[in-house]
Structure formats: structure tokens, C-alpha cells
Amino acid sequence: MNAYNDNLLKLVVMSDIHLLPNGEVKNELDTASRFIAAIENLNKFHSDADLVVFAGDIADKADLNAYVVFDEIREKNKSAQRVMMGNHDDRNVYLKHTNDPMIDENGFVQGYEDIKGHRIIMLDSSDPGLLRSGLCDQRLSWTANCLAKAKSLDLKIIILIHHNPCALQMPVDTYRLAEPEKLLNILHDSKADIIQILAGHCHISSAGSWGGYPCATISGNQHRVEPYLRGRTGQQSCFEAPAQYGVIMSDGNNCALHFQNYVEHSKIINPNFFPNKMNPKFEILD
Ligand SMILES: [Fe+2]
Ligand SMILES: [Fe+2]
């Protein structure tokens, strides 16, 4: 149930969950306990979300047990949910396990939801076993049809995809979305009103544009990487925090993407310094 009005969409996107079989820890990070923290944070602050999307890299090693753990943890959130695939996933393993997959007519784990004047398109950029993968002709053609229908319905478009399509001028670009120009051409040709593209995969928060479209990334549930930009040498640092998910709020004209951290170590300043921030007022919606 949305607490605002009939136009304001709240869309939550979590990515790069990287769950391992029970109790296993990788690089000193327990991704299961972090994911529990994510769902608790979600339930505390965004139980009114219209849709929660898990944008790929659900299981670190694509094992069945990790998908079981995933379902056990996420069932504590009661919002509508959709699950996407990343390069760490194996859609065949996932599809064998899940009861209610999002699936297109060709067997790819992709789909769309129309909510409050928006079409949220969730693409399957995963090819099991490939770090860098893109959209095959079938998936591109599905995307073109989906955009054409959305345009005919005059919907605003939000596109979610696991692999970042936009070059960040970082080493991750060597395994970003393969052949990104193919997707970009389809987006341009559609002439649809694309207001936001959001990806995971690169484990860093970023904002910018791709071919003229607003394009951002979130850092996700596993480690975060530092901005290691073109020209640098030496070790790239990885950090325990923040673990983060994205919250998009859009009425069609105002589309804001917030980075909601749920694991972070920064110290909170004494709230007594900010008395005006107790129950602060919001802009009144029309
Ligand atoms: Fe990942
Ligand atoms: Fe990934």
C-alpha cells in the first residue's frame, strides 16, 4: 500500500546479493547476514514500496542452496518482488528452484511491470559462466517490442539491468555489458520516454548518462570498490561498507534515485545539534 498518492512510484532495487551456501563467508564478508540487514532496513523504511527488484548476482556460485537461503530471507518482506539474473547466477539452476519466476516467451528471466504511469523493464543480461555478457538478438527483440508497447501507452520507462551498460572509466568496464551499442540503438530507435537506467554489477555507486539517458549504478550487498579511474596504477581498494540498495521515487516528471545504505561505519553526529530535523515536514503533493 502506497502512502503518497496514485502517481508517485516507489521502486526499490537491491543488487549483488552474492549469497553462499549456509554459513559460508567470502573475503571476510557474510553476505547472508548483510542481506538480512538489508531486508530489515527495507521493512523499516520502505515497507510501502510498490515493487522490490533483486537485480542479479543473487548467488555467488549459482548453487541451489544459495537460492533457498535467498527465498528464506526475502520472504520477510511483503512487497511485490521480482528477481533478475547476473553473471554469477545460472538461470537453469534458479528456474529449477523457483516457483514464480519472471520469464519471457524465450525462457529468459526478464519482464516488465506497469505501475503508476511507469513501465519498469527488467532485462536479463546474464549468460551463465560468462563474466561479460550482453543481450542476444532474442532479448534485444523482446526489449524493442516492450518499449514500443510502452510508448503506445504513453508510459515513462525505467530500465533495470544487471551489467552496467555505461563505461565508468574503471577496470570494471572490461566486463560491463557486452556490445552495449546494440541495446542503445534499440533504446534510441524506440523514441520511448526513458527516464532512468539502473544497474548493479560494478559494486560502486555512480550517476551520469549513457547515450543521453540518465544511467546510474548501486554498490549492492557485497564489497564496495573505490573509484579507480583510468590512468591510475596500483592496488584498487575494496571496502566492507557501505552495503547499499537504490530507491527510485518518480511521479514521471521528478525522478529521484536515492542510495540507501544499510551497512556503514560512519559515526552519527549528536542529533541534539539538529532540533529542526525532528519530524521534518515534506512538500505537500498536489
Ligand atoms: Fe556482483
Ligand atoms: Fe555481476
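Our structure's up above, just so we're on the same page.
A quick note: this is a predicted structure, and the numbers were derived from the prediction, not measured. (Residues numbered from 1 in each chain as written. Chains lettered and ligands numbered in written order. Predicted model: local features only at pLDDT ≥ 70, side-chain atom pairs only at ≥ 80, totals over all residues. Heavy atoms only, no water.)

What follows concerns the packing of aromatic side chains. One pass over the full model with this rule turns up five aromatic pairs. Between the aromatic rings of F35 and F54, the centroid separation amounts to 5.8 Å while the plane-to-plane angle is 80 degrees, which identifies the pairing as edge-to-face. Of this pair, F35 sits in helix 1 (residues 31-45) while F54 sits in strand 2 (residues 51-55), and the two are 19 residues apart along the sequence. With a relative accessible area of 0%, F54 lands in the buried category. By the ring-pair criterion, three or more aromatic residues cluster together here, those being F35, F54 and F70. Seen from the ring of Y112, R119 lies directly overhead, with NZ or CZ sitting 3.8 Å from the centre. (Phe/Tyr/Trp six-rings, centres within 6.5 Å; stacked < 30°, edge-to-face > 60°. Helix = DSSP H or I, 4+ residues; strand = E, 2+ residues; numbered from the N terminus. Buried < 20%, exposed > 50% of the residue type's maximum accessible area, 1.4 Å probe, protein only. Lys NZ or Arg CZ within 6 Å of the ring centre and 35° of its normal.)

A few words now on the coordination of the iron ion (ligand 2). Reference geometry at the metal: tetrahedral coordination by four donors gives ideal angles of 109.5 degrees; octahedral coordination by six donors gives 90 or 180 degrees. At 2.1 to 2.2 Å from the iron ion (ligand 2) lie its protein donor atoms, namely D57 (OD), N87 (OD1), H162 (NE2) and H201 (ND1). The coordination sphere of the iron ion (ligand 2) comprises four donor atoms, whose angles at the metal cover 89 to 165 degrees; the geometry is irregular. In terms of primary sequence, the donors binding the iron ion (ligand 2) are separated according to D-x29-N-x74-H-x38-H. A separation of 3.5 Å is found between the iron ion (ligand 2) and the iron ion (ligand 1), both of which receive a donor from D57. Of this pair, N87 sits in the loop between strand 3 (81-84) and helix 3 (91-97) while H162 sits in the loop between strand 6 (156-161) and helix 5 (180-190); the two residues are 75 residues apart in sequence, bridging distant segments of the chain. Residue class for N87 comes out buried when judged on its relative accessible area of 10%. (Donors = N, O, S within 2.8 Å, 3.2 Å for Na, K, Ca; no water. Tetrahedral: all angles 85-135°; square planar, octahedral: opposite > 155°, others 65-115°.)

What follows is about the nonpolar core. Core analysis: the biggest nonpolar cluster contains 29 residues, and V12, M14, F35 and F54 have the highest contact counts within it. V12 has contacts with L42, H46, A49, L51, V52, V53, Y245, G246 and V247, leaving out every residue within four places of it along the chain. If you look at the next biggest cluster of nonpolar residues, it comprises 25 residues, including C146, L177, I194 and I197. (Core = buried A, V, L, I, M, F, W, Y, C linked by side-chain atoms within 4.5 Å. Contact = heavy atoms within 4.5 Å.)

Our focus in this paragraph is helix 5. Working note: α-helix, 3.6 residues per turn, so residues spaced by three or four point in the same direction. Buried within helix 5 are the following residues: P180, L183, L184, I186, L187 and S190. Looking straight down helix 5, one finds that the buried residues subtend no more than 160 degrees of arc, so they occupy a single side. Two residues or fewer after helix 5 comes K191, characterised by a positive phi angle close to 55 degrees. (Arc of directions from axis to C-beta.)

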